[in-house]
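What follows is each chain in one-letter form.
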Amino acid sequence: MNFSPESRIVHAGTERAPGAPLSPPLLATSTYVSQGEPDPARGYGRMANPGWEAVEEALGAVEDAGAVVFASGQAACLAALLSLAAGRERIVMPEDGYYNVRALAEKLRPHGARVVPVDLLDLAAVERAVGERPSVLWAETPTNPLLRVADLTSLGVIAAAAGAPFAVDNTVATGLLQRPLDFGAVASVYSMTKAISGHSDVLGGAVVTRDAALLAAVRDWRTTGGGIPGPFEAWLVLRGMKTLPLRIERMSGNAMAIARFLSGHRAVRAVHYPGTTTATLDIASKQMPNGAGPLLSFELAGPGGGPGTAAQADAVIAAARLIVPATSFGGVESNWERRSRWAAESAPPSLIRLSAGIEPVQDLLTDIEAALAAAMPG
Ligand SMILES: *Cc1c(COP(=O)(O)O)cnc(C)c1O
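Everything numeric here is computed off the predicted structure, so don't read it as measured data. (Residues numbered from 1 in each chain as written. Predicted model: local features only at pLDDT ≥ 70, side-chain atom pairs only at ≥ 80, totals over all residues. Heavy atoms only, no water.)

Q: Mind showing me how you'd approach the sheet that holds strand E11 (residues 335-338) here?
A: Within a beta sheet, neighbouring strands are joined by backbone hydrogen bonds and run either parallel or antiparallel to one another. Reading across from one edge, E8-E9-E12-E11-E10 is the order of the five strands in this open sheet, with mixed pairing throughout. The two strands at the open ends of the sheet, each matched to only one other strand, are strand E8 (268-272) and strand E10 (324-325). Pairing between strand E9 (residues 295-300) and strand E12 (residues 352-355): four bridges, direction antiparallel. Each residue of the ladder has a partner; that of Leu296, found in E12, is Leu354. Where helix H11 (residues 310-319) meets the sheet, its contacts fall on E9, E10, E11 and E12, and the angle it forms with E11 comes to roughly 160°. (Pairing = 2+ DSSP bridges. Helix = DSSP H or I, 4+ residues; strand = E, 2+ residues; numbered from the N terminus. Contact = heavy atoms within 4.5 Å. Axes fitted to C-alpha atoms, helices over the stretch in contact; angles between N-to-C directions.)

Following this line, the structure appears as structure tokens:
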């Protein structure tokens with residue numbers, strides 16, 4: 001019997017025996033009582049913790065796959081990259097994706113793999129890049145922070161033809177809104193820090209795959225590399241995940257309403273949201289049928305109709321009374337930031353990335369409208 005992912009998330013890690021705690025226990029231990037032949041599942045605290053296994057069960061349920069959880073999204077990306085790029089010369093990745101993952105991949109260069117940044121919407125360029133040398137195709141869609149949508153079906157076909165393992169950073173959408181493994185990806189990679197945990201209280205990451213060899217390789221990197229989540233962190237992630245279906249639906253709805261509102265606002269020059277960007281609307285509705293996600297970004301109009309400035313963006317953010325100025329996204333509290341405040345980020349100067357939380361949408365629209373009016377008079 002296979003209940004829906006939404007039910008399996010709620011029940012992951014729970015036991016049904018009489019007297020069992022309904023909430024999975026938080027097991028703080030560095031080792032397990034044992035002698036003789038070690039049990040790999042209960043040998044030492046770096047090898048296993050029941051709290052990780054519950055999160056892995058929940059994540060796996062979402063994508064009908066296996067999962068390995070990590071201390072952060074970066075640690076998960078590192079394990080995936082090390083596993084997939086072994087013996088390959090190129091890591092082909094989006095030029096506009098999350099800059100810290102690109103920075104991480106760049107660090108593998110002395111170990112033999114070179115990053116080739118491409119526009120993932122330019123399929124001919126992707127095909128060339130992965131076809132020339134043994135490559136990994138690393139996609140991110142929608143991208144952080146420009147929310148560009150790449151066509152997973154086409155990327156899967158291109159990767160398969162080139163014999164390139166295809167991984168997708170699915171952090172922005174989560175597995176409830178987008179299932180990369182159904183489009184030929186061997187791995188979905190996550191920062192669980194964002195919507196999956198969803199309460200701005202924990203960092204975590206995960207690699208999700210249906211490939212047993214990759215699952216074992218990634219788990220081995222965790223055990224030997226030590227990028228393990230703490231038991232309490234895993235407990236927080238599991239607690240947060242139980243409401244992911246509710247949160248992601250509400251946040252996506254809020255983000256859509258905000259994107260529509262901003263698209264009609266004269267202080268706004270451009271809005272980037274998978275649910276409203278017309279050029280990729282067909283692709284988005286095909287591969288994200290249940291919602292376009294919690295994240296959007298927008299650029300301000302500058303004096304005389306040109307691009308807005310960083311100072312204008314700072315003024316808008318400072319004028320808000322509800323939306324929190326902070327980085328990260330996918331939390332229950334709406335937050336926003338000017339992305340160009342990060343030196344290594346290549347976003348336009350006035351680009352504001354906004355993560356829609358779970359507040360009533362009218363409060364968010366009121367706050368945004370007032371902040372724009374206060375910061376951009378006339
Ligand atoms: C945040 C993020 C990461 C990194 O995750 P951490 O949990 O911060 O280490 C990776 N990819 C994307 C798309 C992200 O947004």
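Q: Sorry, what's going on with the pattern of salt bridges here?
A: Side chains carrying opposite charge are able to pair once their charged atoms draw close together. What the rule picks out here adds up to 15 salt bridges. Residues Glu89 and Arg133 are paired through a salt bridge, measuring 2.8 Å at the closest nitrogen-oxygen approach. Residue Glu89 is located in the loop between helix H3 (73-85) and strand E2 (90-94), and its partner Arg133 is located in the loop between helix H5 (123-132) and strand E4 (135-140); the two are separated by 44 residues in the primary sequence. Overall, Glu89 belongs to the partly exposed group, its relative accessible area being 34%. Arg341 serves as the salt-bridge partner of Glu337, at 2.8 Å between the closest nitrogen and oxygen. Of the residues examined, Glu337 reaches a relative accessible area of 3% and is grouped as buried. Through salt bridges with shared partners, one network takes in Arg8, Asp64, Arg179, Asp182 and Arg210. (Salt bridge = Lys/Arg side-chain N within 4 Å of Asp/Glu carboxyl O. Buried < 20%, exposed > 50% of the residue type's maximum accessible area, 1.4 Å probe, protein only.)

Q: Where do I start with the environment of Ile248 in this structure?
A: Within the secondary structure, Ile248 sits in helix H9 (residues 244-263). Counting along the chain gives 69 residues from Ile248 to Arg179, while the straight-line C-alpha distance between them is 15 Å.

Q: Quick question: what am I supposed to make of the packing of aromatic side chains here?
A: What describes a pair of aromatic rings is the distance from one ring centre to the other and the angle between the planes of the rings. Within the structure shown, the criterion is met by three aromatic pairs. Taken together, a centroid distance of 6.3 Å and an interplanar angle of 45° make the contact between Phe298 and Trp336 tilted. In this pair, Phe298 sits in strand E9 while Trp336 sits in strand E11, placing the two residues 38 residues apart along the sequence. For the pair Phe298 and Trp336, a shared accessibility class is recorded, and that class is buried. (Phe/Tyr/Trp six-rings, centres within 6.5 Å; stacked < 30°, edge-to-face > 60°.)

Q: Please clarify how helix H6 (residues 152-162) should be interpreted in this entry.
A: Three- or four-residue spacings in an α-helix give side chains the same orientation, since the helix completes a turn every 3.6 residues. Every buried residue of H6 is listed here: Leu152, Ser154, Leu155, Gly156, Ile158 and Ala159. Considering only its buried residues, H6 is in contact with H5, E4, strand E5 (166-169) and helix H10 (281-287). Sitting at the amino-terminal end of H6 is Asp151, which places a side-chain oxygen 3.1 Å from the backbone nitrogen of Thr153. Residue Gly163 follows H6 closely and has a positive phi angle near 65°. (Polar contact = N/O pair within 3.5 Å; in protein donor to acceptor, adjacent residues only side chain to side chain.)

Q: Even after reading the chapter, I still don't get the side chain of Ser72, so can you show me in this structure?
A: Among the structural elements, Ser72 can be located in the loop between strand E1 (66-70) and H3. By relative accessible area, which is 18% here, Ser72 ends up buried. Setting aside its immediate chain neighbours within four residues, Ser72 contacts Leu203, Gly204 and Gly205.

Q: Is there a simple way to explain the sheet that holds strand E7 (residues 205-209) in this structure?
A: Taking strand neighbours across the sheet as the criterion, the seven strands line up as E1-E7-E6-E5-E4-E2-E3 in an open arrangement whose pairing is mixed. Both outer strands of the open sheet, E1 and strand E3 (114-118), are each paired with one neighbouring strand and no more. Across this sheet, the average inter-strand angle for adjacent strands is 20°, counted without regard to direction. As paired elements, E2 and E4 share three bridges and run parallel to each other. The partner of Arg90 across the bridge, within E4, is Ser135. Along the sheet face, H5 touches E2, E3 and E4 and points at about 165° away from the line of E2.

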